[in-house]
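A closer look at the structure
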Amino acid sequence: ERAAEEAAGREYMRKLDELMAKAQNRRTLASWNYESNITNYNEEQMLQISLEVAEEQKEYWKETMSYLWHEYEDPDLKRMFKKYSELGTAALPEDLNQRLLTAISNMQSIYATATICDYKDRNKCDLHVEPDVTDIFANSEDPEELKYTWLEWHKAAGAPSRGNFTEYIQLDNEAAKLNGYDSVAEWWLSAYESDDSEDQFASLWSQVKPLYQQIHAYVRRQLREKYGENVVSARGPIPAHLLGNIWAQTWGNIEKFTRPYPNKPEVDVTSALIAQNYTALKMFQTAEEFFKSLNLSGMPDLFWERSIIEKPNDGRELVCHASAWDFYDGEDFRIKQCTTITAAFFKTTHHEMGHIQYYLQYKDKPVVYRGGANPGFHEAVGDVIALSVSTPKHLKIVGLLEDGPEDTESNINQLYKMGLDKIVFLPFAYLLDIFRYGVFRGTTTTRDYNCHFWRLRETLQGLEPPAPRSEDDFDPTAKYHVAADVEYMRYYVSYIVQFQFHRALCQLAGEYSPGDSDKILSACDIYRSQEAGEALGKMLQMGSSKPWPDAMEALTGQRNMDASGLLEYFEPLHEWLKRENERTGEYIGWEASNIEYC
Ligand SMILES: C=C(C[SeH])C(=O)N1CCC[C@H]1C(=O)O
Ligand SMILES: [Zn+2]
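The structure reproduced in this document is the subject of the present report. Numbers given for residues are sequential positions, taken from 1 along each chain in its written order. Written order decides the labels, with chains lettered from A and ligands numbered from 1. A pLDDT threshold of at least 70 governs which residues receive local features in this predicted model, and a stricter bar of 80 or more applies before side-chain atom pairs are shown or counted, although totals over entire chains, interfaces and linings include all residues. With hydrogens and water stripped out, all remaining heavy atoms of the structure feed into the side-chain values.

Describing the overall build of the protein chain
- The number of helices and strands found in the protein chain is 23 helices and four strands.
- This radius of gyration counts C-alpha atoms alone. The globule rule is 2.2 Å times how many residues there are, raised to the power 0.38. Here the C-alpha atoms of the protein chain give a radius of gyration of 24 Å, agreeing with the 25 Å that 2.2 N^0.38 yields for 598 residues.
- Burial status follows relative accessibility: with a 1.4 Å probe on protein chains alone, a residue under 20% of its type maximum counts as buried, one over 50% as exposed, and anything between as partly exposed. Counting all 598 residues of the protein chain, 59% fall into the buried class.
- Note on definitions: a residue-residue contact is assigned when non-hydrogen atoms from the two residues lie within 4.5 Å. Sequence-distant contacts, at least 24 apart, represent 76% of the contacts inside the protein chain between residues at least 6 apart.
- A 1.4 Å probe and the Shrake-Rupley method give the accessible areas. Residues count as covered only by the protein chains that appear here. Working note: accessible area of the protein chain is about 23800 Å², and carbon and sulfur atoms make up 48% of it.
- In the protein chain, 62 positive and 95 negative side-chain charges are present, and the distance between their average locations comes to 1 Å. For the purposes of this entry, the term helix denotes a DSSP run of H or I that reaches at least four residues, the term strand denotes a run of E that reaches at least two, and both are numbered from the N terminus. Neither His nor the chain ends is counted toward charge; the positive residues are Lys and Arg and the negative residues Asp and Glu. To locate a charge, the coordinates of NZ of Lys, CZ of Arg, CG of Asp or CD of Glu are taken.

What follows is the structure in structure tokens.
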């Protein structure tokens, strides 16, 4: 009797998965059309189709819940039913779902279409966040220009979304409750399939915080020497507009005037890319070649036909923020990004192609399993490849770096450059969702939104705003992922686990061996390693068919996330920073800010 029931359930699941593939394809195409060409018509279409698909899902869900899948023997079939038993925002009554989708697309449109005037030419008022504001923060060393641009961007992209954001929080929480969660915070955390994920995240932060405090202290000193102590204090937080990035999430753009050994040649990939006439296409082809060198998949023809790899110049408005898309038909995979020829975008191209590689590796899995083992795994794939690409050794192989010294000082410079990207990012990523957990749980109320956001920016990141803030401001939605309802702890997890993956792959490639000073982790390049490629491919093919510790174990032999990979990679830099901050007597950590932001 039960075996017959289970066999019927298996047949139902096969059919349901095919129906869901078509539904997801339809909805994803509508989202693509809207995000690559923001018009009222495309927005209407996207809303309409999303609501139709939600109604369809509701019907499927009723039938799914009529099966006694909790009693099935087959753990895999149970896992599929369990995943389909979570209806998501489609659980909302249609009118509430419509309001939720509208609130999010309003925030997304505000972010994507926001423009500001240029500091030097106040009549030029068509600056978008990409490429204009991004380029100003990459190149300007004028604190007044940076302060003006920072304030204008947060006024144009943040504050106008406060109303939509408040409605989105309330409705998304409604949906969470209909799915059995206390709030969206628990819903987001459920993707990490552990009952103590928040504790794991907190423990990772305690492991890496000392290293962050050291690089923060060193950078604050360098900036104080450059801009003077009236701009950068000796013991306070660092003003957020001086760090080379509008969100101060990575600080790579100030490496050129803060690196430990300025007399050593600068590793300037941007100049090399420009000098060698790299185009966006050539950047993509270079990234693809690395994946193929590992015997992983190349990009399908459809990818090259349908991706948008440069900002269209036909005057349309679009979401420029880089993204990778799976259309759930096993053939159609795309990237949309407004590439400029910079080292940062060379890295982003590998990052996005890492998503596509994951899609390709699990494309024959049931749709319900076409996801990362957890969201952090999906963000880590491309970055793991980029860790190899960014080594001086690899850059020389591909001709993006001349032969230069490989002495200790150059190695410290290289680790510092990587640290401005990887170490610095951790508190930013962590706080973005600590903030939103508090908002979803109601411990942060609407009148505290901006104050609590900046409290976290100060306590976790050691930053302060360039000018006083109040609740007339709303700075969180000046960041894409907050405006677009994209969970962010995935990046925090990625920046930890990518070093665990890197260590395992480097060992397989014979590029790293524990304790061998000739094969250190930060000099490893897995390029052309069939062993590494095979192991990575096997882990990616699992998709989300098993709990993430199984996927982690398949690749690294470990079943837990830990910062040991990252700490081992940066150990020489950590030692150097401690000695240097001692030598200069720099204060480690930061006192409270004098800027009024609450
Ligand atoms: C490149 C993407 C698309 Se998934 C991205 O959003 N990233 C990659 C690094 C962190 C985060 C960000 O830009 O905030
Ligand atoms: Zn990503």
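Here's the deal with the site of ligand 1
- Residue proximity to a molecule or strand is established when one non-hydrogen atom of the residue lies within 4 Å of it. By nearness alone, 13 residues border ligand 1, and H321, E352, K479, H481 and Y488 come closest of all.
- Here an oxygen atom of ligand 1 and a side-chain polar atom of H481 are 2.8 Å apart.
- Counted as a polar contact is a pair of N or O atoms within 3.5 Å, where, for protein atoms, one must be capable of donating a hydrogen and the other of accepting one, and residues adjacent in sequence contribute only when both atoms are in side chains. In the environment of ligand 1, an oxygen atom lies 3.3 Å from a nitrogen or oxygen atom belonging to the side chain of Y491.
- Burial of ligand 1 by the protein amounts to 85% of the accessible area it has alone, namely 370 Å².
- Every element with two or more residues in the shell around ligand 1 is listed here: α13 (343-361) and α20 (489-508).
- The element best represented in the shell around ligand 1 is α13, accounting for three residues.
- Under the scheme applied here, ten amino acids are nonpolar (Ala, Val, Leu, Ile, Met, Phe, Trp, Tyr, Cys and Pro), four are charged (Asp, Glu, Lys and Arg), and all others, including Gly, are polar. Residue composition of the shell around ligand 1, by class: five nonpolar, five polar and three charged.

Description of the coordination of the zinc ion (ligand 2)
- The protein atoms that coordinate the zinc ion (ligand 2) are H351 (NE2), H355 (NE2) and E379 (OE), at distances spanning 1.9 to 2.1 Å.
- Read N to C, the donor residues that coordinate the zinc ion (ligand 2) are spaced as H-x3-H-x23-E. On the criterion of helical spacing, the pair formed by H351 and H355 is a turn pair, its members being four residues apart in helix α13. Comparing H351 with H355, the two get one shared label, buried. Donor selection uses N, O and S atoms within 2.8 Å of the metal (3.2 Å for Na, K and Ca). Since no water is included, sites may look incomplete.

Thoughts on the packing of aromatic side chains
- Aromatic rings from Phe, Tyr and Trp, with only the six-membered ring used for Trp, were paired whenever their centres fell within 6.5 Å, and each pair was classed as stacked if the ring planes differed by under 30 degrees, edge-to-face if by over 60, and tilted otherwise. For the structure shown, the criterion picks out 48 aromatic pairs.
- On the numbers, 5.5 Å between centres and 50° between planes, the contact of Y119 with Y148 is tilted. Residue Y119 is found in the loop between α4 (94-113) and α5 (129-139), and its partner Y148 is found in helix α6 (residues 143-157); the two are separated by 29 residues along the sequence.
- Aromatic ring contacts, followed pair by pair, group Y192, F201, W205, Y212, W251, Y430, Y492 and W590 into a single cluster.
- Put simply, a charge is over a ring when the Lys NZ or the Arg CZ is close to the ring centre, within 6 Å, and near the line of the ring normal, within 35 degrees. In this structure, K282 is placed above the aromatic ring of Y278, and the distance from its NZ or CZ to the ring centre is 4.2 Å.
- When the ring centre of F327 is taken as origin, the NZ or CZ atom of R334, which lies over that ring, is 4.1 Å away.

Focus: the state of the cysteines
- In what follows, a disulfide is any cysteine sulfur pair within 2.5 Å. Tallied over the full model, the rule gives four disulfides.
- The residue that forms a disulfide with C117 is C125, at a sulfur-sulfur distance of 2.1 Å. Because the torsion about its S-S bond is 105°, the bridge between C117 and C125 counts as right-handed.
- What makes C125 partly exposed here is its relative accessible area of 35%.
- Each bonded cysteine of the protein chain gets a number by its place in the sequence, and the pairs then read 1-2, 3-4, 5-8, 6-7.

A look at unusual backbone geometry
- Across the junction of E130 and P131, the peptide omega takes the value 0°, indicating a cis bond.
- Along the chain, P131 falls in helix α5.
- Residues other than glycine seldom take positive phi values, yet A248 does so here, at roughly 55°.
- Assignment of secondary structure puts A248 in the loop between β1 (238-239) and α10 (269-275).
- You will see that Y328, though not glycine, has its phi angle at about 60°, which is positive.
- Position of Y328 relative to the elements: it lies in the loop between β2 (323-326) and β3 (333-336).

A look at the environment of Y358
- With respect to the helices and strands, the residue Y358 is situated in helix α13.
- Classification of Y358 as buried rests on a relative accessible area of 0%.
- When the C-alpha atoms of Y358 and G372 are compared, they prove to be 7.7 Å apart, with 14 residues separating the residues in sequence.
- Excluding anything up to four places from it in sequence, Y358 contacts G371, G372, A373, F377, H378, V381, M539, L540 and G543.
- Separated by 3.1 Å, the side chain of Y358 and the backbone nitrogen of A373 make a polar contact.

As for helix α7 (residues 162-178)
- With 17 residues, α7 extends 25 Å from end C-alpha to end C-alpha; this agrees with the ideal 24 Å at 1.5 Å per step.
- Listing the buried residues of α7 in full gives R162, N164, F165, Y168, I169, L171, D172, N173, A175 and A176.
- The elements touched by buried residues of α7 are α4, α8 (184-189), α17 (425-441), α18 (449-461) and α19 (480-483).
- A positive phi of about 90° marks G180, the residue just after α7. To estimate how far a helix should extend, the number of its residues minus one is multiplied by 1.5 Å.

Some thoughts on the side chain of T339
- With respect to the element layout, T339 can be found in the loop between β3 and α13.
- T339 sits in the buried class, given a relative accessible area of 9%.
- Within the local environment of T339, its side chain forms a polar contact with the backbone oxygen of I309, the two atoms lying 2.6 Å apart.
- In terms of polar contacts, T339 uses its side chain to reach the side chain of Q337, at 2.9 Å.

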